[in-house]
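What follows is the residue order along each chain.
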Amino acid sequence: MIFDRRHFYFFLTLLATLSVVEFVPVSAQSLKIELVNNQPFRVRMPIAVKTANLKGESFETSNGKSAQKDGDDLVFISDIPASSRQEFILQNGAVSKPSNRSFVLEPEGDGVRFKFAGVDLGRLSWQIVYRDSKPQELKGLPFSTKEDLSAQFKPNSIKFDKIAEGMVFDVWRGTAEGSGLRLTIELRIFHDGFLDIRSELKNVAAAKTENVYAAVITRWQQPALVERSVCYDNRISALKENDWTNFRVGESRNWYVQRGVDWLKTNFNGNISAAWLNEFSESFTVHQDATTKHQARWVGANIPQIGFEAQTKNADVYILTEIARSNLKSYAERLEDNRLMPFGESVSFTSRIVFNQQPQSDEQTDNAFVAYTSYAEQKMHVEPKVQKPAMQKPARSKGAASADSTKFLHSPALQRTAQKDTAPANTIKYSIGVSYTRFGTNYFPYSTLGENFDIKKLPGMDRDSYWPVAADTVNKWELFADDIRRDLRIAKTLGFELIRLHHLELISGIDKQKRFEYLDFLFGELRKLKLKALVDARISAEDTAGLVKRYRDVIDGVEVDNEVLIFGINDDAPDYWKKVYAAVKSVAPEISVHLTAHTNMGAFDRLREFGVPFDKIGQHAYSDGLDSPADMRGFALAAASYGRRVGKEPVITEWNWRFLTRMTEEDRAKVYAPIFENVLKTRSMPTMYQFQFNESLAMSPAVLKGIRHYEQMWLSRRPKPEAFVMSDLIKKYAAPTHPNKLIDVEHVVVELDKKGSGMAQFKVINTSARVLNLKSSIETPANLRADFAVPKNAILHLEPNETKIIDVRIEALSTNKVFEPLPGFYHVFLRLEDGEILRYGWAEVRLAGIPQIDATTKTKVIYGENAFSFDLNRPLAVVYGDKAPVQDVETAYAVVNALESASGRPVKIYELKDLPKDEKSTLILIGTAKTNQLITQVSANIPANLAAAKQFVARVSDSKNDWLILSGADNLEAERAAMDWTIRFWKYAKDSAARRIGLVEKDLPLGVDPQGLP
């Protein structure tokens, strides 16, 4: 029995081990294949390139490889060294059986037996498992399905038939039925030592699809072995006899949606090795009726990818593939657990066994897994035909076109046009992994330049949540122009190439003329910096197309509905998405349009079924805690492998950590690189955005959740340590032509004197292999003057590896009616360009001083003696208590951001347990006597009238310590006392929006993210 036509077609499309970009009719005589390995390790595996109209079934290549036709695919075995490329011509070959079969397979009983290099490696058999869920599985609590699989294993009867035979691989197929489920298994036997196991489980008669458990067990009866190891969600360990994988036992919430076994390796006696690799196979979606909480929609079932666990029993291995299983309450909004496919629907999953004639290390096996699951891309490369003048001599001139002048074709229209003027020779370029990654950050000044101090906020703030619109920063954008220029230049300096304008629909309610003045300025600055924008918005199709048309040259893509697929596909959404896609393509066919999920790639399967077009596979993910950075690799590979199979580029537009907020900056920086390198090392992601760029006062500390503050920049725009880690990663993984790889400019920190003067020394190094002649200039905000200290030539000449120092004089200027420059952080930029390269250097300029403070305005807050004379122009640290409530943490961050920016001095923040002893003398304490142990320690020294006040600010000093206490009757009152004190100096600060616009007292709705997301 074979698959029905619809599911078999979907199955082949989903599980093909290639990337499809376009179909180009070719003849074997004219086809050249260029194979590029961008991975830093050798890759040996089957490759399938997409072709059309090939005549014949078997082919040979000019370098001696056999190739076999498989529908529109041409399949061969690659063996390519690390970071290298191979080229060969495809030639017609005689149809014959391969002379040497290293790997052979034959049906045996209820399964199959196979040999490699003449060694018997055992047999495979399968069992379908289907039962009602146990009561414990339905509580939304952690539940493990761990049990003795060997005791319950009863193989289903499967008869395998050979359905295809060829020079590269043979195909066997068998079907089993049980409990109303049909399991169809296709075994693709590659003669050189690979076995692809492609499976489909279909609901043909199982009426009950809710509150059930369903799985497939594969038993591998192995011969004598030497050792086993397993990679379980990117964590490698030994797998002994009579052992189990984790089965989610003792795992945190973050791991509960992971799929489990990445690979399982066995080294056998006789120096034979076999590694079972699991592809990232998508779970399915199910429909939910409308409720009071959500519309009718399609959501993911069970977990995002099909789950894999393993057990060993003596010499046997049991691979458990879980289809319907339990999950946690915390994922109830996005996943419907204990669900089976509806009647008539199916789910597909695939694995590969890789055989070698020598033992394999864990590293070699992991490399094979990454190559198997990471992104790969195919493009058709057409060599232009040289048009010869009528009297041209036979000898080729120096100006004739070379192989370097070839073009990549991206659409049938371009293909047809090009084929009229090109020679018939075509090249398929197949790239394993990406050669580099483009990097972006999320910066959206219309939100993050706003200010909200709980009781008081900017007049135009519209909600208390992530993310509000700060309408005043748009309506009066000229007042914030320097802030935006500064931020974009810092992003450029760090190496970001792309800027994601998050929730751009926020400004839709602003007057159209003012809105486009603002956008003209914003996109104009992007253009000057050679930055591109990703538009993330939910606006009408017509308005989206209007934006794209107006700023076409600066827009890199459109992301429709921020991360909307994470929570499902509302029934009424596909029509809108189709309209947006069509509208954008009508004005700019080259601009990509995509939607975004988490790791629930099955949502894209449902979109394809609905006919919703999309150009990329979008993903957002965060590392939730110190135990979860390793799982970030699985997140990325899930999107990358899906993109490879469907021929669409993956893109990550939000990536970072959460729940590390209470750690020190230095400790976070240590774990920052792995969070990103678990993606970057796999060479799986062409484009990746960090979320987000700058700290902000835009969200009230009363409503925040204590899970973020993962920004690269403090409010002062002093870089956090993570910013430099990110910049180093960009240098490492960006394109060879990235300006930060060609020119190194060290970050400069300058302390201005009391008059506001100082000198910055930019150290510029030519790290390229060519001579550079760079035009240099200085860019500053209006409140700063800077110029070259020594008259210089207009062009900076640098030989390879040469270093030059550029001295720049700096002077801070007065602001409006202020006669002396205000304390704070200023920023100077060195612009270097040569027509191709545009590189920025950045000097962080600090002018320390005492912020002006309002000591006279009467409020509900009671201020103690000498509270307003607390010296803010000295080293300070803000401290909240050990295990303090979230509100204390958010209050502390708001105080730190405002105080640092206003004083021109770095201000540190600590949970009490992390406070160094040598920084204990001058502190600002946040919280109450119940939540901050230091406040408890000095509570006897707080005057009774203050201690009894609902909101108070007290100063406690002795010969050793000088502390300011921002406190109250409870944490909300303590927060409001802290905000009252902060506003008193912030409204005079250099960077303050409150100074420019003013604050009002008003209530705001407790809103949510503009898309209705938590």
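Residues numbered from 1 in each chain as written. Predicted model: local features only at pLDDT ≥ 70, side-chain atom pairs only at ≥ 80, totals over all residues. Heavy atoms only, no water.

## A closer look at the overall build of the chain
A tally of regular secondary structure across the chain gives 20 helices and 54 strands. For a compact globule of 1014 residues, the expected C-alpha radius of gyration is about 31 Å, and the chain comes in at 31 Å, within 12% of that figure. A sequence separation of at least 24 residues applies to 74% of the contacts in the chain between residues at least 6 apart. With the model as given, the accessible surface of the chain reaches about 38700 Å², and the carbon-plus-sulfur share is 51%. Charged side chains of the chain number 132 positive and 129 negative; the gap between the two group centres comes to 3 Å. (Helix = DSSP H or I, 4+ residues; strand = E, 2+ residues; numbered from the N terminus. Rg over C-alpha atoms; globule rule 2.2 N^0.38 Å. Contact = heavy atoms within 4.5 Å. Areas by Shrake-Rupley, 256 points an atom, 1.4 Å probe, with all protein chains shown as cover. Lys, Arg positive; Asp, Glu negative; His and termini not counted. Charge placed at Lys NZ, Arg CZ, Asp CG, Glu CD.)

## A look at unusual backbone geometry
Tyr466 connects to Trp467 through a cis peptide bond whose omega is -15°. Residue placement: Trp467 occurs in the loop between strand E30 (456-457) and helix H6 (472-475). A cis amide bond, omega -5°, links Phe691 with the succeeding residue Gln692. Here Gln692 shows up in the loop between strand E38 (687-690) and helix H14 (721-733). At Ser179, a residue that is not glycine, the phi angle is positive and equals roughly 60°. Mapped onto the secondary structure, Ser179 falls in the loop between strand E11 (169-178) and strand E12 (181-190). Judged by its relative accessible area of 44%, Ser179 falls in the partly exposed class. In the Ramachandran plot, Arg683 falls in the positive-phi region, its phi being about 55° despite a non-glycine side chain. With respect to the helices, strands and loops of the structure, Arg683 is situated in the loop between helix H13 (665-680) and E38. (Buried < 20%, exposed > 50% of the residue type's maximum accessible area, 1.4 Å probe, protein only.)

## Points about the side chain of Asn452
Among the secondary structure elements, Asn452 is positioned in strand E29 (residues 452-453). Under the relative-accessibility criterion, Asn452 is labelled buried at 2%. At a separation of 2.9 Å, a polar atom in the side chain of Asn452 contacts the main-chain amide nitrogen of Asp454. Looking at Asn452, its side chain comes within polar contact range of the side chain of Asp464, at 2.6 Å. (Polar contact = N/O pair within 3.5 Å; in protein donor to acceptor, adjacent residues only side chain to side chain.)

## What about the packing of H13 against H14?
The geometry of H13 relative to H14 is characterised by a closest axis approach of 8 Å and an angle of 25° between their N-to-C directions. As the angle between them shows, H13 and H14 are arranged roughly parallel. Of the two possible hands of crossing, H13 and H14 adopt the one that is right-handed. In contact with Glu665, Arg668, Ala669, Tyr672, Ala673, Phe676, Glu677 and Leu680 of H13, H14 contributes Pro721, Glu722, Val725, Met726, Leu729, Lys732 and Tyr733. Within the contact of H13 with H14, the residues separate by chemical class into 10 nonpolar, no polar and five charged. (Axes fitted to C-alpha atoms, helices over the stretch in contact; angles between N-to-C directions. Parallel < 35°, antiparallel > 145°, perpendicular 65-115°, else oblique. Left-handed = near helix turned anticlockwise from the far one by under 90°. Nonpolar A, V, L, I, M, F, W, Y, C, P; charged D, E, K, R; others polar.)

## Re the pairing of strand E42 (residues 772-779)
Sheet analysis places E42 next to strand E44 (residues 795-798), joined by four bridges and oriented antiparallel. Looking across to E44, one finds that Leu772 is bridged to Leu798. Summarising the sheet, E42 and strand E46 (residues 824-833) pair through five bridges and their orientation is antiparallel. Its bridge partner being in E46, Glu779 is matched across the sheet by Phe829. (Pairing = 2+ DSSP bridges.)

## Regarding the sheet that holds strand E53 (residues 962-968)
The strand order across the open sheet formed by six strands is E48-E52-E53-E51-E49-E50, and the pairing between neighbours is mixed. Bordering the open sheet on either side are strand E48 (862-863) and strand E50 (907-911), each of which pairs with just one other strand. In the sheet, strand E52 (residues 951-957) pairs with E53 via seven bridges, with the strands oriented antiparallel. The partner of Val956 across the bridge, within E53, is Trp963. The strands touched by helix H16 (residues 886-903) within the sheet are strand E49 (876-880), E50, strand E51 (922-926) and E53, with E50 carrying the most contacts at an inclination of about 165°. Running at roughly 125° to E53, helix H19 (residues 971-986) makes contact with E48, E51, E52 and E53 of the sheet.

## Considering the packing of helix H9 (residues 541-550) against helix H10 (residues 573-587)
Interaxial distance between H9 and H10 falls to 8 Å at its minimum, and their mutual angle equals 30°. As judged from the angle between their axes, H9 and H10 are roughly parallel. H9 and H10 meet at a crossing whose hand is right-handed. Together, Ala541, Thr544, Ala545, Val548 and Lys549 of H9 and Tyr576, Lys579, Val580, Ala583, Val584 and Val587 of H10 make up the contact between the two elements. Classifying every residue of the contact of H9 with H10 gives eight nonpolar, one polar and two charged.

## A few points about the packing of aromatic side chains
Between two aromatic rings, the relevant description is the distance of the centres plus the angle of the planes. Tallied over the full model, the rule gives 31 aromatic pairs. Ring centres 5.5 Å apart and planes at 25° place the aromatic pair Phe116 and Phe355 in the stacked group. With Phe116 in strand E8 (residues 111-116) and Phe355 in strand E24 (residues 346-356), this pair connects stretches of sequence that are 239 residues apart. Under the relative-accessibility criterion, Phe116 is labelled buried at 2%. These aromatic residues form a ring-pair network of at least three members: Phe444, Tyr446, Tyr466, Trp467, Tyr622, Trp657, Phe691 and Tyr710. Its end group placed over the ring of Trp714, Lys720 keeps NZ or CZ at 4.6 Å from the ring centre. (Phe/Tyr/Trp six-rings, centres within 6.5 Å; stacked < 30°, edge-to-face > 60°. Lys NZ or Arg CZ within 6 Å of the ring centre and 35° of its normal.)

## Examining the side chain of Ser346
Along the chain, Ser346 turns up in strand E24. Reaching out from Ser346, the side chain makes a polar contact with the side chain of Glu200 at a distance of 3.0 Å.

## Thoughts on the confidence of the model for the chain
Summarising the model, the chain shows a mean pLDDT of 90, and 90% of its residues fall at 70 or more. Across residues 1-28 the pLDDT falls below 50, and counting only partners more than four positions away or on other chains, this stretch makes 94 contacts in the model. Within the model, the stretch residues 388-424 combines pLDDT values under 50 with 38 contacts to residues more than four positions away or in other chains. (pLDDT = per-residue confidence, 0-100.)

## Concerning the pairing of E38
The two faces of E38 match: Thr687 and Tyr689 on one face and Met688 and Gln690 on the other face are all buried. In this sheet, E38 lies alongside strand E28 (residues 438-442) in parallel orientation, the contact comprising four bridges. Of the residues in E38, the one forming a bridge with Gly440 is Tyr689.

## Quick notes on H19
Over its 16 residues, H19 runs 22 Å from end to end, which matches the ideal 22 Å to within 8%, given 1.5 Å per residue. Counting buried positions along H19 yields 14 of 16 residues, so the element is predominantly enclosed. (Expected span 1.5 Å × (residues − 1).)

## Considerations on the sheet that holds E30
Strand order in the open sheet made by the three strands is E29-E30-E54, with antiparallel pairing throughout. Strands with a single pairing partner mark the edges of an open sheet, and in this sheet they are E29 and strand E54 (1000-1001).

## A few points about the pattern of salt bridges
Applying the stated criterion to the full structure yields 87 salt bridges. One salt bridge connects Lys528 with Glu525, and the closest N-O pair in it is separated by 3.1 Å. With a gap of three residues between them, Lys528 and Glu525 both fall in helix H8 (residues 512-528), about one helical turn apart. Looking at Glu525, the relative accessible area reads 2%, which means it is buried. For Lys913, the salt bridge goes to Glu911, with nearest N and O atoms at 3.9 Å. Since its relative accessible area comes to 55%, Lys913 is described here as exposed. Beyond isolated ion pairs, a larger network of salt bridges with shared partners links Asp482, Arg485, Arg489, Glu525, Lys528, Glu779, Arg831 and Glu833. (Salt bridge = Lys/Arg side-chain N within 4 Å of Asp/Glu carboxyl O.)

## Some remarks on the nonpolar core
Phe523, Leu565, Trp577 and Trp655 are the most contacted members of the largest nonpolar core, which totals 116 residues. In contact with Phe523, not counting residues within four places along its chain, are Leu501, Ala533, Val535, Tyr551, Val554 and Ile555. If you look at the next biggest cluster of nonpolar residues, it comprises 52 residues, including Ala214, Leu264, Ala274 and Ala301. (Core = buried A, V, L, I, M, F, W, Y, C linked by side-chain atoms within 4.5 Å.)

## As for H13
With 16 residues, H13 extends 23 Å from end C-alpha to end C-alpha; this agrees with the ideal 22 Å at 1.5 Å per step. Along its length, H13 reaches its greatest deviation from straightness, about 30°, at Val671, and the proline Pro674 lies no more than four positions downstream. For H13, every residue scored as buried is listed here: Glu665, Arg668, Ala669, Tyr672, Ala673, Ile675, Phe676, Glu677, Asn678, Val679 and Leu680. (Bend = angle between axes of the 7 residues up to and from the residue.)

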